[in-house]
Amino acid sequence: MSVEIVGILYGLGTLLLMFTGMPIAFALGSIAILFMMFFMPHSALDTVTQNVYEEMSSITLLSIPLFILKGAAIGKSRAGADLYLAIHAWLGKVPGGLGIANVLACALFAAMAGSSPATCSAIGSAGIPEMRARGYSPGFAAGIIAAGGTLGILLPPSITMILFSVAAEVSLGKLFLAALGPGVLLVFLFSSYAAWNFKREYRHALGVYQDGGVKSAYLDDTVLTFKEKTAMLPRVLPFVTLLIGVMLALYGGYATPSETAGLGGLLALALIAIIYKVWRPSQMAPIISSTLKESTMLMFIIGMSLLYSYVMSYLHISQSAAEWLVTMHLSRWVLLASILLFVVVLGFFLPPVSIILMTAPIILPPLRAAGFDFIWFGVVMTIVMEMGLIHPPMGLNIFVIKSVAPDIPLKDVVWGIIPFVLLMMLAVVLLCVFPQMATFFPNWALGT
Amino acid sequence: MSHGVDLPGAVAKRLGFNSEAPRWFLPRLMNVALTRINRLVVTLSMLAMLGSCAVLTSGVVMRYFFKTPTDWQDEISMFLLVGSIFMCGAAVQAQRGHLGIEAIAGYLSPAANRWRIWVCDILSLLFCGFFSWKSWTLLYEAWSEGMTTSSTWAPPLWIPYGLMALGITLLTLQLLIQVLNPPLHKTLS
């Protein structure tokens, strides 16, 4: 049987099993083992568990559970709400300051926690009710939080970036640094839209009021004194110090990414114990057990995705698909656009971890041949996968928003999110035109 | 219609999976035993995770404050984390926490969805059963041949392989209990 036919069967079999609703990890493992049985030497089956263990026992990959622990510790405390309230207090006078405060709080929290749903949940649970109480439309409020939360998979320590560094064999430190510029760009775009839409909704509310209608909460002014503003800072500073400390440990050469993850996890637990008095075993247990649950689910998917990729590579499916892409002689931008479109479509159904590990062997060789920088591509691909987090059917952040604010109709949430998806597309275009936004910082700090 | 924005296992739980203890004696006994084992395993895994953080942190402290680099910290933390992850597979499955694509769930009737989930459980059981068998043969090989890692510290590989075999076996048993106790009867009543 030709490689092409085997490849098509492999792809169809995967789709079929996955769409039954079987857990992704087991579906990937099953299809890999089935193809090993039929198309590989029988001895390959004897090493299947060794393969999975060896692929998983990478200290870089195993930093993922520890980064999740750090995120869970911060996410399950009041740190998110405190961070948000402090930023809000200081941005009170800026038009749309509340929306911007939410975007900034999401970005800072994402950089501490490294998780998109955790960011949405922590900032959204305080931010969405506050924005709605101040007159923001429900969809707008939901859109700000859902989009702000996506920064969790872009800003370091991003799990998606860790996986990309393993799949593409590029420096994790450089990838983390490369995400900073685009992260700031997205924060700027989201904040600008928040300010613009605030003014639009404010004008509408004012018009309604002047015509004798109901006075919207938009039109109420709340002014905090300087003393009230400074009183907000002490609770936030330790977490910002943790964020800076972890970055210094990583980039100052004091600790490897996995050591940084371990250190960050312990420090985050110590901070919530000191500041929020979360130190009893009964208080700590839910944080660590939820970390274990999420880590187990993710690492099973990662392990089986790696087995899946190994089989794909052994059967020359990935090489043939990559060669086919190269022989199409697409212009480099058409190639990039096709690959990103492919990633977007996969993002409808698959979490970023599977997308990276399953597609890397196919898409990276043609991109290398076309002269694309993998550090830059890692950032672009992550932003594209961020979109998958906020659009149905997978749209994990939409689910989190629904759990934080169940009374906002799904339709409003989706409409509120669309402008932010468009802004992400704009960010991708800007990164294509000005790749230095991603590459300058890592090249300057760590050399080319 | 779920629109796919469901947490792992939400559809199954909504349809009555995991809501009742198994009806037959042996699966019910297994369920009780496995629930206790899972609770113990999760507690030990929580400690292992904290231990792994402590080991990695101590590596940094030893290197910078005592000028004593360690060659064991990465492998110890790896064993602790890999062990925790495989051992917790069953506890996560007990809560149906392994992520799946539920896109078609919204298009099927509750009865069809119950059958779909049951078939998925059977397929998952077959996969995990096979993986479990191969894990035990790998453990036997590592034990009998005295296999170690390739580092200078060279700890024996039967430790992580043993945890993997045990964890996947627990996961297989968990799936077996779920396969033996589908709420399909609810559609008949």
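Because the structure is a prediction, the values reported are computed rather than measured.

Draft legend 1. Inspection of the overall build of chain B at higher detail. Helices and strands together make up the secondary structure of chain B, namely six helices and zero strands. For chain B, the N- to C-terminal ordering of α and β elements is α-α-α-α-α-α. Out of the 189 residues in chain B, the part that is buried amounts to 50%. Within chain B, residue pairs in contact and separated by at least 24 positions form 77% of the contacts whose partners lie at least 6 positions apart. Counting only carbon and sulfur atoms, one obtains 70% of the accessible surface of chain B, whose full area is about 8,900 Å².

Draft legend 2. The arrangement of the packing of aromatic side chains in detail. Residue and element names in this part refer to chain A. Counted under the stated rule, the structure contains 25 aromatic pairs over all chains. With a centroid separation of 6.1 Å and 50 degrees between ring planes, the pair formed by Phe164 and Phe377 is classed as tilted. Pair noted here: Phe164 is in helix α10 (residues 159–168) and Phe377 is in helix α20 (residues 374–389), with a separation of 213 residues, a long-range link. Assigned by exposure class, Phe164 and Phe377 land together as buried.

Draft legend 3. Looking closely at the interface of chain A and chain B. Every contact between the two is made by 60 residues of chain A and, on the other side, 60 residues of chain B. Of the roughly 5,400 Å² buried at the junction of chain A and chain B (both faces included), carbon and sulfur atoms supply 79%. Connecting chain A to chain B are two salt bridges. A salt bridge links A:Asp46 to B:Lys134; the nearest nitrogen and oxygen atoms lie 2.7 Å apart. Counting the contacts that link chain A with chain B gives eight residue pairs in polar contact (both at pLDDT 80 or more). Breaking the side of chain A that touches chain B down by element, the ones donating at least two residues are α1 (3–19), α2 (24–39), α3 (43–46), α4 (48–56), α5 (63–75), α15 (257–275), α16 (281–314) and α21 (396–404) of chain A. Top contributing element to the side of chain A that touches chain B by residue count: α16(A), with 13 residues.

Draft legend 4. Main features of the nonpolar core. A:Ile64 and A:Phe377 are the most contacted members of the largest nonpolar core, which has 206 residues in total. Looking at which element gives the most residues to this core, the answer is α16(A), with 16 residues. Other than its neighbours up to four places away in sequence, A:Phe377 contacts A:Phe164, A:Leu336, A:Ile339, A:Leu340, A:Ile363, A:Leu364 and A:Leu367. Within the second largest apolar cluster, six residues are counted, among which are B:Val11, B:Ala12, B:Ala105 and B:Ile117.

Draft legend 5. How the structure looks around the side chain of A:Ser305. Within the secondary structure, A:Ser305 is located in helix α16. The residues touching A:Ser305, leaving out its near neighbours within four places in the chain, are A:Leu28, A:Ser354 and A:Leu357.

Draft legend 6. Spatial organisation of a nonpolar patch on the surface. Residue and element names in this part refer to chain A. Together, Met1, Ile5, Leu9, Leu34, Met37, Phe38 and Phe39 make up an exposed nonpolar region whose accessible area comes to about 690 Å². Of all the secondary-structure elements, those providing two or more residues to the nonpolar patch are α1 and α2. A total of four residues in the nonpolar patch trace back to one element, the largest contributor, which is α2. By secondary structure assignment, the location of Leu34 is in helix α2. A residue is classified by how much of its surface remains accessible, and Leu34, at 37% relative accessible area, is partly exposed.

Draft legend 7. Examining the pattern of salt bridges more closely. Going through the model one piece at a time under the given rule, you end up with six salt bridges over all chains. As a salt-bridge pair, A:Asp82 and A:Arg78 come within 2.9 Å of each other at their nearest N and O atoms.

Draft legend 8. The arrangement of unusual backbone geometry in detail. Cis geometry marks the peptide bond from A:Pro156 to A:Pro157, where omega comes out at 0 degrees. For B:Lys67, which is not glycine, the phi dihedral falls at a positive 50 degrees. Turning to its location among the elements, B:Lys67 is positioned in the loop between α2 (25–65) and α3 (73–94). Note on B:Lys67: relative accessible area 65%, which makes it exposed. Positive phi, close to 50 degrees, is recorded for B:Ala154, a residue that is not glycine. On the basis of relative accessibility, which here comes to 28%, the residue B:Ala154 falls in the partly exposed class.

Draft legend 9. Quick look at helix α9 (residues 138–150) of chain A. Residues and elements named next belong to chain A. Taking 1.5 Å of rise per residue, the 13 residues of α9 would be expected to cover 18 Å, and the 19 Å separating its terminal C-alpha atoms lies within 8% of that figure. Counting buried positions along α9 gives 12 out of 13 residues, so the element sits mostly inside the fold. Residues of α9 that are buried include every one of Gly139, Phe140, Ala141, Ala142, Gly143, Ile144, Ile145, Ala146, Ala147, Gly148, Gly149 and Thr150, and no others. Looking at the buried residues of α9, the elements they touch are α7 (97–113), α8 (116–133), α12 (180–210), α20, α21 and α22 (410–433).

Draft legend 10. View of the packing of α2(B) against helix α5 (residues 158–180) of chain B. All names here are of chain B. One way to put it is that α2 packs onto α5 with a least axis distance of 10 Å and a crossing angle of 140 degrees. Considered as vectors, α2 and α5 are oriented oblique to each other. The crossing of α2 and α5 is left-handed. Here Pro27, Met30, Asn31, Leu34, Ile37, Asn38 and Val41 of α2 come into contact with α5, specifically with Leu170, Leu173, Gln174, Leu176, Ile177 and Leu180.

Each value, and the rule that gives it
- Residues numbered from 1 in each chain as written.
- Chains lettered and ligands numbered in written order.
- Predicted model: local features only at pLDDT ≥ 70, side-chain atom pairs only at ≥ 80, totals over all residues.
- Heavy atoms only, no water.
- Helix = DSSP H or I, 4+ residues; strand = E, 2+ residues; numbered from the N terminus.
- Buried < 20%, exposed > 50% of the residue type's maximum accessible area, 1.4 Å probe, protein only.
- Contact = heavy atoms within 4.5 Å.
- Areas by Shrake-Rupley, 256 points an atom, 1.4 Å probe, with all protein chains shown as cover.
- Phe/Tyr/Trp six-rings, centres within 6.5 Å; stacked < 30°, edge-to-face > 60°.
- Buried area = accessible area lost by both parts, 1.4 Å probe.
- Salt bridge = Lys/Arg side-chain N within 4 Å of Asp/Glu carboxyl O.
- Polar contact = N/O pair within 3.5 Å; in protein donor to acceptor, adjacent residues only side chain to side chain.
- Core = buried A, V, L, I, M, F, W, Y, C linked by side-chain atoms within 4.5 Å.
- Patch = residues over 30% accessible without salt bridge, like charges linked within 9 Å, V, L, I, M, F, W, Y side chains within 5 Å.
- Expected span 1.5 Å × (residues − 1).
- Axes fitted to C-alpha atoms, helices over the stretch in contact; angles between N-to-C directions.
- Parallel < 35°, antiparallel > 145°, perpendicular 65-115°, else oblique.
- Left-handed = near helix turned anticlockwise from the far one by under 90°.

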